[in-house]
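Observations on the three-dimensional arrangement
Next come the chains, spelled out residue by residue.
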Amino acid sequence: MSKKQPTDKPTHHYITGGLMLVALGLFATAGALAVVKPITEAAPPAVYQARQTLSLPSTLPTLPEVALEQSPFIDETRIRPGDTLAAVLQRLNVQEANLQQFLVQNEGARSIYKLYPGRTVQAALDAQGGLQWLRYYHTPGARDGNAFVSKWLEVRPDGNNGFTALEQAEATETQMRIAEGEITHSLFGATDAANIPDAITFQMAEILGSKIDFMRDLRKGDRFRIVYETHSHEGKEVGSGRVLALEFNNGNKTYDAVWFQPEGESGGYYDFDGKSLKGAFLRSALKFSRVSSTFGMRRHPVHGSWRGHNGVDYAAPTGTPIHATADGVVDFIGNQNGFGKIVILKHGNNISTYYAHQSRFADGLSKGDRVEQGQLIGYVGSTGWATGPHLHYEFRVGGRPVDPLSVDLPVAKVLTPKQLAAFQSKLDSFQSHFQLLAALQDEGNSAEDAEVKLARAE
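What you see is a predicted model, and the numbers here were worked out from it, not measured in a lab. (Residues numbered from 1 in each chain as written. Predicted model: local features only at pLDDT ≥ 70, side-chain atom pairs only at ≥ 80, totals over all residues. Heavy atoms only, no water.)

**Re the packing of aromatic side chains**
The relation between two aromatic rings is expressed through the spacing of the ring centres and the mutual angle of the planes. According to the stated counting rule, one finds 11 aromatic pairs in the structure shown. Judged by centre distance (6.0 Å) and plane angle (75°), the rings of F260 and Y270 are edge-to-face. Of this pair, F260 sits in strand β11 (residues 253-260) while Y270 sits in strand β12 (residues 268-270), and the two are 10 residues apart along the sequence. What makes F260 buried here is its relative accessible area of 6%. Arranged with centres 5.5 Å apart and planes meeting at 80°, the rings of F260 and F423 form a pair that is edge-to-face. One end of the pair, F260, is in strand β11; the other, F423, is in helix α5 (residues 417-442), and 163 residues separate them in sequence. (Phe/Tyr/Trp six-rings, centres within 6.5 Å; stacked < 30°, edge-to-face > 60°. Helix = DSSP H or I, 4+ residues; strand = E, 2+ residues; numbered from the N terminus. Buried < 20%, exposed > 50% of the residue type's maximum accessible area, 1.4 Å probe, protein only.)

**Some details on the layout of surface pockets**
Each pocket or cavity is described by its volume, and for the largest pocket that value is around 790 Å³. If you go around the largest pocket, you meet 28 residues; those closest to its centre are E206, I207, L282, Q373 and G374. Those elements that provide at least two residues to the lining of the largest pocket are α4 (198-207) and β12. The element best represented in the lining of the largest pocket is α4, accounting for 6 residues. Here the residues of the lining of the largest pocket are counted per class, giving 14 nonpolar, 10 polar and 4 charged. (1 Å grid on protein atoms, 1.4 Å probe; cavity = no way out; pocket = protein on both sides within 12 Å on 5 of 7 lines; lining within 4 Å. Points joined across faces, edges and corners; volume = space filled by probe spheres on them. Nonpolar A, V, L, I, M, F, W, Y, C, P; charged D, E, K, R; others polar.)

**Overview of the nonpolar core**
What tends to happen in soluble globular proteins is that the nonpolar side chains get buried as a cluster. In this structure, I322, Y355, I377, L391 and F395 are the most contacted members of the largest nonpolar core, which totals 27 residues. Of all elements in the fold, only β16 (312-315), β19 (341-347), β20 (351-361), β22 (376-380) and β23 (390-397) reach the threshold of two or more residues within this core. Other than its neighbours up to four places away in sequence, I322 contacts A285, L286, Y355, Q358, Q375, L376, I377, G378, Y379, V380 and L391. If you look at the next biggest cluster of nonpolar residues, it comprises 25 residues, including L187, I196, I212 and L277. (Core = buried A, V, L, I, M, F, W, Y, C linked by side-chain atoms within 4.5 Å. Contact = heavy atoms within 4.5 Å.)

**Things to note about the pattern of salt bridges**
Where charged atoms from two side chains of opposite charge approach closely, those side chains can pair. Tallied over the entire structure, the rule returns 9 salt bridges. Residue E180 is joined to R223 by a salt bridge in which the shortest nitrogen-to-oxygen separation is 2.4 Å. Here R223 lies in strand β9 (residues 223-233) and E180 lies in strand β8 (residues 173-182), a separation of 43 residues in the sequence. Exposure remark for E180: the relative accessible area of 24% places this residue in the partly exposed category. With a relative accessible area of 30%, R223 lands in the partly exposed category. (Salt bridge = Lys/Arg side-chain N within 4 Å of Asp/Glu carboxyl O.)

**Thoughts on the pairing of strand β10 (residues 236-250)**
Two strands pair when backbone bridges link them, and β9 and β10 are joined in this way by 10 bridges, in the antiparallel orientation. In the strand pairing of β10, H233 is matched with K236. Taking the residues between adjacent antiparallel strands as the criterion, β9 and β10 are bridged by 2 residues, where E234 takes a positive phi near 55°. Across 6 bridges, the pairing between β10 and β11 is antiparallel. Of the residues in β11, the one forming a bridge with F248 is Y255. Between the end of β10 and the start of β11, which pair antiparallel, lie 2 residues, with G251 showing a positive phi angle near 65°. (Pairing = 2+ DSSP bridges.)

**Topic: α4**
Where α4 is concerned, the buried positions are I200, T201, Q203, M204, A205 and I207. Buried-residue contacts for α4 involve α3 (187-193), β9, β10, β11 and β12.

**Section: the sheet that holds strand β3 (residues 73-78)**
Each strand in a sheet pairs with its neighbour through backbone hydrogen bonds, running either in the same direction (parallel) or in the opposite one (antiparallel). Taken in spatial order, the 5 strands make up an open sheet running β3-β4-β5-β6-β7, and their pairing is antiparallel. For this open sheet the edge positions go to β3 and β7 (163-171), each flanked by a neighbour on one side alone. Neighbouring strand axes in the sheet, compared pairwise and without regard to direction, differ in orientation by 20° on average. Of the pairings in the sheet, the one linking strand β5 (residues 131-144) to strand β6 (residues 147-157) comprises 7 bridges and is antiparallel in character. (Axes fitted to C-alpha atoms, helices over the stretch in contact; angles between N-to-C directions.)

**A closer look at the environment of V227**
Counting through the fold element by element, V227 comes out in strand β9. Through-space distance from the C-alpha of V227 to that of L244 is 5.4 Å; in sequence the pair is 17 residues apart. Not counting chain neighbours up to four residues away, the residues in contact with V227 comprise M176, R177, I178, V243, L244, A245, F430, H433 and F434.

**A look at unusual backbone geometry**
Even without being glycine, N93 reaches a positive phi, approximately 60°. Of note, N161 is a non-glycine position whose phi angle comes to about 65°, a positive value. In this structure, N161 sits in the loop between β6 and β7.

**Examining the side chain of Q122**
Counting through the fold element by element, Q122 comes out in strand β4 (residues 120-125). Once you skip the residues sitting within four places of it in the chain, Q122 turns out to touch D75, E76, L92, W133, L134, R135, Y137 and K236.

**Thoughts on the environment of T139**
The residue T139 is located in strand β5 in this model. Here T139 is in contact with R119, V149, S150 and K151, once residues within four sequence places are set aside. Polar contacts involving the side chain of T139 include one to the side chain of H138, which spans 2.8 Å. (Polar contact = N/O pair within 3.5 Å; in protein donor to acceptor, adjacent residues only side chain to side chain.)

**Some points on the sheet that holds β10**
The strand order β8-β9-β10-β11-β12 describes an open sheet built from 5 strands, whose pairing is antiparallel. Of all strands in the sheet, those bounded by a partner on one side alone are β8 and β12. Across this sheet, the average inter-strand angle for adjacent strands is 30°, counted without regard to direction. Here β11 pairs with β12 via 3 bridges, running antiparallel. For V258, the partnering residue across the bridge sits in β12 and is Y270.

Take a look at the structure:
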């Protein structure tokens, strides 16, 4: 391939930022106009040139001075473990004599008393190094009613050798993300590889907790696709929102969920057939643990004799939160023989669940209280006949213990026909996202490519 020949274009030099004086004498510029006669075989073409001289004024107007507005220099630092206010201000090159005393003593600046590692502080300085403003993003993202907001403390000079402090809040922007992953070792390992926030991973486990035991049932090669929300402020991601749709291939089964809020009712997750996932029993009362003893005959770890084990034991550190596996009523809370500290919940259809060997109960929980699925009811311990910290969980139907890992758990009612029509409309949009993601994966593209294409389509 031949190299491209350079053109003979002149190089232009520009001077900006001040007064430019130009002193030029008269000069002439010439242009050539070529008129080419038709080419014949008999004679070479003749070229005729025309030349014209152009005169310019003796003086040229000067360029006006450009007043460039001075933009502040903005520096940012992250709070480090063990940081002091003085150290933070020093890294930001803030040298206001009375600022630190103001921040320590002023009631309006009390949020800066606590420096949270990982949070950011920004300072805007003018050309002389004077402070224009200081911002401490103590709450980069938090839910405020139905909105997700970013909150910060803003400090400015008051013009009288003092300062003012004001708490600010601004609604964040919500974006939709799509991602996919494959299980190699664990759920968290797969979601980390897919850059999915931990908060979204926890939601995945909660949403499909009645279908999949994420400590026991996962297999290498299991795949998932997910649509979820993120919140950002000034271009920075500050928090995770809600999982909007989820499809999980576990072994030879596919489980799915989509967020839907029927008109006039509270929202919840439904499978792609429109059946509510809330109301079904969770397989485990602990979010992440391991089964240390299954249902059936075993040698008792304390007594040493063979006897029936009427539940499932989940090994977990002392203090691990225990959650109700379904909506119910507290039938018993207190100490009960070998169970130690135990909570017994009554549910519909003559079902009850037992949560034994707890170290302590959830604050304020008492007999007769109604609890919701996923509600905190206590903490793992080793009270009663236990050789180490774990949760003993039982599932009883009509007073008879059954294996909670193998029993067909009750499910909730489906949507009404009118609600189902609205649900299907929402579902169709999410399924189109999954289809696009699957097509791009087949082409070797990434989830980021899918997001770009979805943004263009919307």
